[in-house]
Amino acid sequence: RSTRARAHWTERKEAVRLGRLYQPVRTPLPASSRRRVALPADLSSAVESDYRLMTDELTWTGLLATATAILVRKVTGADTFSIGLPVHNRSASDAKHVIGTVMEVFPIDVEISADDTFRSLHKRVGKAVMTTMRHAVPGMAPTGDHDVLVNVIPGIELGPFGDVPVSHVALDPGAVDSSRLLQVQLNAYGEDGAALLLDLNEGAAGPDHADRSAAHFAAILEAMAAEPDATVAGLDIRTGHEIRTAGSWGTAPDFDTATRGLVAQLRDALAERDDRVIDDGDLELSGRELWERAVGLARHLRSDGVGTGDRVAIRMGRGIDTVVAILG
């Protein structure tokens, strides 16, 4: 088994890092914010009928890994990445004397297709979970190339300590590894029963994002329970407030017909400015330089046959080049 595991992790291609969640991570932080997700009432029956794996723990791991993959896809646009899976390994002689759990994190490799349904994606993620578990040999976890993690903690049965009743509670440390943007954790114990918790890196999700994240995750679980054969692409995880806010962006009054055109206004605002008007940390441009780049791109588009009224799609990361593309 060790030989097969070593070959598997050696041959595995390293996953592309996300670098963002709700916002780009400019400064990795170890601080985290915890939010609790309300579990849909009909989720348990859907789990048994549509998303069952070999054991209860594997079933919930596969379900939550699938939901986490959908959340990542919706908020980042990424379709290939890995999700970390903690595995309890205690094989070394020194580890046997450590109080508490000894964990290694192994990656689950995820790929989301344009035509995936919840069921088809879960089937592929479940297979990836089983592949990871087969090769999760102690001491062989590859270098971490995951930004999110899914952890299912089973129920704990504790008897009394002598004549004293024993209780247990999970404590939130308010911290994650600075390289980890999101932890999804199901605690199957506690005074209030099972709890589904999101720990969001504060560098990847501000307070407003964190507050909305639980609603986003709950919307994913509700959709998976309600209609397993619905498409992932067709799912809208936005809250009502988010939908109303986005709708308000397109409700400005029409321009007065006498208003000068946008190109003329941009020329007046930029073409004669030699001071800095934009920077992205790696590059800065004066108004004149920004105008010249936008005009250059516009000429290139014209030469390719783009005319007035045509639509040009832009798919780029944040940065000066994106601003040039929009203006051009």
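Everything below is about the structure printed above this text.
Attention here is on the structure that accompanies the text. Since we're looking at a predicted model, the values are computed, not measured.

### Overview of the overall build of the protein chain
Working step 1: Of regular secondary structure, the protein chain possesses 9 helices and 8 strands.
Working step 2: Residues counted as buried form 39% of the 328 residues belonging to the protein chain.
Working step 3: Across the protein chain, contacts joining residues at least 24 apart in sequence account for 71% of those joining residues at least 6 apart.
Working step 4: Entry remark: accessible area of the protein chain is about 19200 Å², with carbon and sulfur atoms responsible for 52%.
Working step 5: Considering the protein chain, the positive charge centre built from 36 side chains and the negative charge centre built from 46 side chains are found 4 Å apart.

### Regarding helix H2 (residues 43-50)
Working step 1: Within H2, the full set of buried residues consists of Leu43, Ala46 and Val47. On an axial view of H2, the arc spanned by its buried residues comes to 105°, and they lie on one face.
Working step 2: At its buried positions, H2 is contacted by helix H3 (56-76) and helix H5 (207-226).

### What about the nonpolar core?
Working step 1: Counting residues in each nonpolar core, the largest one holds 56 residues, and the members touching the most others are Phe81, Phe118 and Phe217.
Working step 2: By residue number, the principal contributor to this core is H3, which donates 11 residues.
Working step 3: In contact with Phe217, not counting residues within four places along its chain, are Val37, Leu64, Ala67, Thr68, Leu71, Val184, Leu196 and Leu198.
Working step 4: Membership of the second largest hydrophobic core comes to 9 residues, among which are Leu266, Ile278, Leu285 and Leu290.

### What to know about H5
Working step 1: Its 20 residues give H5 an end-to-end C-alpha distance of 30 Å, which sits within 8% of 28 Å, the value for a rise of 1.5 Å per residue.
Working step 2: Of all the bends in H5, the greatest measures close to 30° and is centred on Ser213.

### Brief notes about the side chain of Ser82
Working step 1: When you line up the elements, Ser82 lands in strand S2 (residues 80-88).
Working step 2: Using a relative accessible area of 2% as the deciding quantity, one classes Ser82 as buried.
Working step 3: Within polar-contact distance, the side chain of Ser82 engages the backbone oxygen of Asp145 at 3.0 Å.
Working step 4: Ignoring any residue separated from it by four or fewer positions in sequence, one finds Ser82 in contact with Arg12, Ala15, Pro107, Ile108, Asp109, Asp145, His146, Asp147 and Val148.

### Observations regarding the pattern of salt bridges
Working step 1: Scanning the entire structure with this criterion turns up 20 salt bridges.
Working step 2: Between Arg34 and Asp199 there is a salt bridge, and its shortest N-O distance comes to 2.7 Å. Within this pair, whereas Arg34 is found in strand S1 (residues 32-37), its partner Asp199 is found in strand S6 (residues 195-201), the two being separated by 165 residues in sequence.
Working step 3: Arg35 serves as the salt-bridge partner of Asp211, at 3.0 Å between the closest nitrogen and oxygen. Highlighted residues: Asp211 in helix H5 and Arg35 in strand S1, separated in sequence by 176 residues.
Working step 4: With relative accessibility at 21%, the residue Arg35 sits in the partly exposed group.

### What to know about the environment of His146
Working step 1: Within the secondary structure, His146 is located in the loop between helix H4 (118-134) and strand S4 (148-153).
Working step 2: In the structure, His146 is positioned 40 residues away from Phe106 in sequence and 9.1 Å away in space, judged by C-alpha atoms.

### Overview of the packing of H3 against H4
Working step 1: The N-to-C vectors of H3 and H4 enclose an angle of 120°; their axes lie 9 Å apart at closest approach. Considered as vectors, H3 and H4 are oriented oblique to each other. The interaxial crossing formed by H3 with H4 has right-handed handedness. Counting all contacts with H3, which are made through Leu58, Thr61, Gly62, Leu63, Ala65, Thr66 and Ile70, the residues of H4 involved are Phe118, Leu121, His122, Val125, Val129, Met130 and Met133.
Working step 2: Residues belonging to the contact of H3 with H4 are distributed by class as follows: 10 nonpolar, 4 polar and no charged.

### Focus: the packing of aromatic side chains
Working step 1: In the structure shown here, the tally under the stated rule is 1 aromatic pair.
Working step 2: With 5.6 Å between their ring centres and 40° between their planes, Trp9 and Phe106 make a pair best called tilted. Of the two residues, Trp9 sits in helix H1 (residues 2-11) while Phe106 sits in strand S3 (residues 103-111), which places them 97 residues apart along the sequence.

### Considering a nonpolar patch on the surface
Working step 1: Taken together, the side chains of Leu158, Phe161, Val164 and Val166 define a hydrophobic patch exposed on the protein surface, amounting to about 410 Å² of accessible area.
Working step 2: Here Leu158 lies in the loop between S4 and strand S5 (182-187).
Working step 3: For Leu158, a relative accessible area of 45% translates into the label partly exposed.

Here is what the cut-offs are and how they apply
Sequence order as written defines residue numbering, which begins from 1 separately in each chain. Per-residue local features of the predicted model are confined to residues with pLDDT of at least 70, and side-chain atom pairs are confined, for both listing and counting, to 80 or more; whole-chain, interface and lining totals are unaffected and use all residues. Think of the side-chain values as coming from all heavy atoms in the structure, minus any hydrogens and water. Numbering of helices and strands runs from the N terminus, with a helix taken as a DSSP run of H or I at least four residues long and a strand as a DSSP run of E at least two residues long. Only protein chains enter the area calculation, which uses a 1.4 Å probe; residues under 20% of their type maximum are buried, those over 50% are exposed, and those in between are partly exposed. By the convention used here, residues are in contact when the closest approach between their heavy atoms is within 4.5 Å. The protein chains shown are the only cover counted for residues, whose accessible areas, like all others here, come from Shrake-Rupley with a 1.4 Å probe. Neither His nor the chain termini are counted; the positive set is Lys and Arg, and the negative set is Asp and Glu. Working definition for charges: the position is that of NZ of Lys, CZ of Arg, CG of Asp or CD of Glu. This arc describes the spread of directions from the helix axis toward the C-beta atoms. Think of a nonpolar core as a cluster: buried Ala, Val, Leu, Ile, Met, Phe, Trp, Tyr and Cys residues, connected wherever their side-chain atoms sit within 4.5 Å. What a helix is expected to span follows from its residue count: subtract one and scale by 1.5 Å. Each residue is assigned a bend, namely the angle between axes fitted to the seven residues that terminate at it and the seven residues that start at it. Whenever a nitrogen or oxygen atom comes within 3.5 Å of another N or O atom, the pair is scored as a polar contact, on the condition that within protein one atom can donate a hydrogen and the other can accept it, and that pairs from neighbouring residues in sequence are kept only if both atoms are in side chains. Here a salt bridge means any side-chain nitrogen of Lys or Arg lying within 4 Å of a carboxyl oxygen belonging to Asp or Glu. Each axis is a line fitted through C-alpha atoms, taken for helices only over the stretch in contact, and angles between the N-to-C directions span 0 to 180 degrees. Any angle between 65 and 115 degrees counts as roughly perpendicular, while under 35 counts as roughly parallel, over 145 as roughly antiparallel, and the rest as oblique. Helix crossings get a hand from a simple test, with the near helix turned counterclockwise from the far one by less than a right angle marking a left-handed crossing and a clockwise turn marking a right-handed one. Each residue gets one of three labels, nonpolar for Ala, Val, Leu, Ile, Met, Phe, Trp, Tyr, Cys and Pro, charged for Asp, Glu, Lys and Arg, and polar for the others, Gly among them. Any two rings among Phe, Tyr and Trp, with Trp reduced to its six-membered ring, count as a pair given centres within 6.5 Å; such a pair is stacked if its planes are under 30 degrees apart, edge-to-face if over 60, and tilted if neither. Only residues whose relative accessible area exceeds 30% and that form no salt bridge are eligible for patches; like-charged ones are grouped when within 9 Å, while nonpolar side chains (Val, Leu, Ile, Met, Phe, Trp, Tyr) are grouped when within 5 Å.

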